[in-house]
Each structure stands twice: as structure tokens, then as C-alpha cells.
Amino acid sequence: MKKSLIVTGILGATIMVSCVSKKKYTELEGNLFKTQTELATTEQEKAELEEKMQIIENRVAEFNSRINSLRDTNDALTMQNDGMLSLEGATVMSKNSKEKMKQTLANVDPEKLAQAQTLEDSVNLAVEYNLKKNITATSEEGQENEIEISIDQTVVMISVSDKLLFNTGSYRINSKADPLLLKLAELINAEPSLQVMIEGHTDPRTISTGVVQDNWDLSVKRATSIVRKLQEDFNVAPEKMIAAGRASYMPLVENDTPENMAINRRTRIVLIPDLDMFFAML
């Protein structure tokens, strides 16, 4: 009887343990499923967040690239602006050119310099001084007074007295004009884009010979003589040059004295440089 009770107790306990374990297992299994579901949801959310983060990082990288590009552009423009100086509105010149201009103006006639009202006036004076100094470097003493240079905007006009180029009533060039024409040719050849017009001017006295019909004819023949000389002897490209004659119809002064008529007998060389070359003349 005692043995039977023991067996019965063991069986009861076994059944009770078995029942508790199954319930616990079911509960654990439910918790596991829930955890797995939550984990799957979390992993999906993580993947979505990582994808969004990658998009954000790509955008940030793109924005940083744009910012760096803009910064580089800004730095370049700043450096460019630092090196430039306004000159009469939209025209600009470098600070280096301004320094050269100051050095040149130190040699300019004080009376002329006192008449300079604007920065453009000062630049024109500096260019005029350097051009005249360069062109007359090989001239004989006193000949520099026979050459006048004026500037309108960036158009350079060089007037040369006929006594440096021609004999009276003639269109044949004197050999003593070669150094002057060589300097002009060097200036013209220095810039491919430079355009040049050679103008002949006379006084109003009537002329008529076997080879010269009148002042129109003489003024044109003088211009073409210089153009031909520059082309054939000094290798100036002919397509850069224009030959023109003005006869006596654009005098600088009244033709009322021999001295004034001498002033009006001239050859004018008109140079039309681009802005960079104009500043290079400083």
C-alpha cells in the first residue's frame, strides 16, 4: 500500500511538472515570436533609416562640394578684384599697372600733370610719355618736338611732322625716318589685334606736278608710302593697316603763317589697341 502511494505521488508530480512546462513553453514561444517580430520590424526600420541617412550624407557631400566650389570661385574673384582698380566706370586696370603709372608720372612735365583731372587723364599722360620716349629714343636731338601724341579713350594718335618724313611737296620717304618707322613697326608688331590707320595731311597751298595732281593726291600718296614702307621693310602685316588722305581739310591750327602751315603738314598714325595692350604701354 505504501509502495502504491509512492508511485501514485510520483506520477502526479510528473503530470504536474509536465503541465507546467508546456504552459511555460507556450508562453516562451509566444514571447519569442513577439521578439522576432519586433526584431524584424526594428531591422526594417534600421534599413530604412540607413537608406535615408545615406541619402542625407550624399546631399551633404553634394552641398559641401558646391560650397567648396563657390568658395574657390569667391576666392578667385576676391584675388582678381584685389588686383584691379576701377577706371572710368567699367574699365579696369591692375594695381601693378597703377604702380607703373605712378613711376612714369614722376617724369611727366608737372604743368601737364597738374591738368590731369581724372584717373583716365593720368593714364593717358603715362601712356603718352612712354610712347614718345620709346619712339624718339633713336631720334636726333630736337626731333622729339616734331612728334606729338594724344589719346582719346584708348585710341592713340601719333602726329609726325612732315619734315621728319618727307621733303616739301614730295611723297618719297627720307632715309632719316627709318629709325622712327622701325619703332612704330615694333609697336604695331607687338600686338596681333592692333589696327593702324596712316593719315596724310597737307597745308592748303596748291600743288600740281607730273606725279602729284593736288593735295588730296599728295596726302594719300604719303600715307601709302608709309604703309608700303612698314610692310616691305619692317614686316608689318598689310591687313592691319589703312592708308588715308585728308588733304588740308583737318588743320590743327589756322593756316595763316608759315609756322602754322608747317604744323598742319603732318602724318598721323592712329593706333587702336585692345585694353590689355593699352595698359601694357604703361
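Residues numbered from 1 in each chain as written. Predicted model: local features only at pLDDT ≥ 70, side-chain atom pairs only at ≥ 80, totals over all residues. Heavy atoms only, no water.

This part covers the sheet that holds strand β6 (residues 241-247). Overall, mixed pairing links the five strands, which are arranged β3-β4-β7-β5-β6 in an open sheet. Across the chains shown, the open sheet's two edge strands, defined by having one partner strand only, are β3 (147-152) and β6. Strand-to-strand, the axes of this sheet are offset by a mean angle of 20°, without reference to chain direction. Here helix α4 (residues 119-135) sits on the sheet and contacts β3 and β4 (155-161); the angle it forms with β3, its principal contact strand, is near 150°. Its contacts with the sheet put helix α5 (residues 178-189) on β3, β4, β5 (195-201) and β7 (266-272), and the angle it makes with β7 is roughly 15°. (Pairing = 2+ DSSP bridges. Helix = DSSP H or I, 4+ residues; strand = E, 2+ residues; numbered from the N terminus. Axes fitted to C-alpha atoms, helices over the stretch in contact; angles between N-to-C directions. Contact = heavy atoms within 4.5 Å.)

Before going further, it helps to examine the packing of α4 against α5. Direction vectors running N to C along α4 and α5 enclose 130°, while the axes themselves pass 9 Å from each other. The angle between the axes of α4 and α5 places the two elements in the oblique class. The segment α4 lies against α5, with Leu-131, Asn-134 and Ile-135 engaging Leu-180, Lys-183, Leu-184 and Leu-187. (Parallel < 35°, antiparallel > 145°, perpendicular 65-115°, else oblique.)

This part covers the nonpolar core. In terms of nonpolar packing, the biggest core is built from 41 residues, with Val-156, Ile-158, Leu-230 and Leu-271 touching the most fellow members. Structurally, this core is a two-domain feature, drawing no fewer than three residues from each of domain 1 (99-137) and domain 2 (144-281). (Core = buried A, V, L, I, M, F, W, Y, C linked by side-chain atoms within 4.5 Å. Buried < 20%, exposed > 50% of the residue type's maximum accessible area, 1.4 Å probe, protein only. Domains from an automatic or database assignment.)

Taking 1.5 Å of rise per residue, 20 residues should cover 28 Å, and helix α6 (residues 215-234) covers 27 Å from first to last C-alpha, within 8% of that figure. Within α6, burial applies to Asn-215, Asp-217, Leu-218, Ser-219, Arg-222, Ala-223, Ser-225, Ile-226, Val-227, Lys-229, Leu-230 and Phe-234. Contacts made by the buried residues of α6 are with α5, β5, β6 and β7. Structurally, the start of α6 carries an N-cap: the backbone nitrogen of Trp-216 is 3.2 Å from a side-chain oxygen of Asp-214. Among the residues trailing α6, Asn-235 stands out with phi positive, at a value near 60°. (Expected span 1.5 Å × (residues − 1). Polar contact = N/O pair within 3.5 Å; in protein donor to acceptor, adjacent residues only side chain to side chain.)

Our focus in this paragraph is unusual backbone geometry. The phi torsion at Asn-235 lies on the positive side, around 60°, for a residue other than glycine. For Asn-235, the position within the fold is in the loop between α6 and β6. Residue classification places Asn-235 among the exposed positions, given a relative accessible area of 62%. Phi at Ala-247 is positive, roughly 55°, even though this residue is not glycine. For Ala-247, the position within the fold is in strand β6.

Turning next to the confidence of the model for the chain. In the predicted model, the chain carries a mean pLDDT of 81, and the fraction of residues at 70 or more is 83%. Contacts from residues 2-7, a stretch scored under 50 in pLDDT, to residues over four places away or in other chains number zero contacts. Taken as a whole, residues 82-86 scores under 50 in pLDDT and shows 16 contacts with residues more than four places along the chain or in a different chain. (pLDDT = per-residue confidence, 0-100.)

Should their charged atoms come close, side chains of opposite charge can pair. According to the stated counting rule, one finds 12 salt bridges in the structure shown. The salt bridge involving Asp-162 is made with Arg-265; its shortest N-O contact spans 3.3 Å. Separated by 103 residues along the polypeptide, Asp-162 in the loop between β4 and α5 and Arg-265 in the loop between α7 (258-264) and β7 bring together distant segments of the chain. By the burial criterion, Asp-162 is buried, and Arg-265 matches it. In this structure, Arg-246 and Glu-199 form a salt bridge, with 3.4 Å as the shortest nitrogen-oxygen distance. Within this pair, whereas Arg-246 is found in strand β6, its partner Glu-199 is found in strand β5, the two being separated by 47 residues in sequence. What makes Glu-199 buried here is its relative accessible area of 0%. The structure contains a network of salt bridges with shared partners spanning Asp-162, Asp-203, Arg-205, Arg-222 and Arg-265. (Salt bridge = Lys/Arg side-chain N within 4 Å of Asp/Glu carboxyl O.)

What follows is about the pairing of β5. With five of its seven residues buried, β5 lies for the most part within the structure. Here β5 runs beside β7; their pairing, made up of seven bridges, is antiparallel. The partner of Glu-199 across the bridge, within β7, is Arg-268. Bridging between β5 and β6 involves six bridges; their strand directions are parallel. The residue of β6 that forms the bridge with Ile-198 is Ala-243. Between the parallel elements β5 and β6, the chain passes through α6 in a crossover that is right-handed. (Right-handed = clockwise from strand over helix to strand, strands pointing away.)

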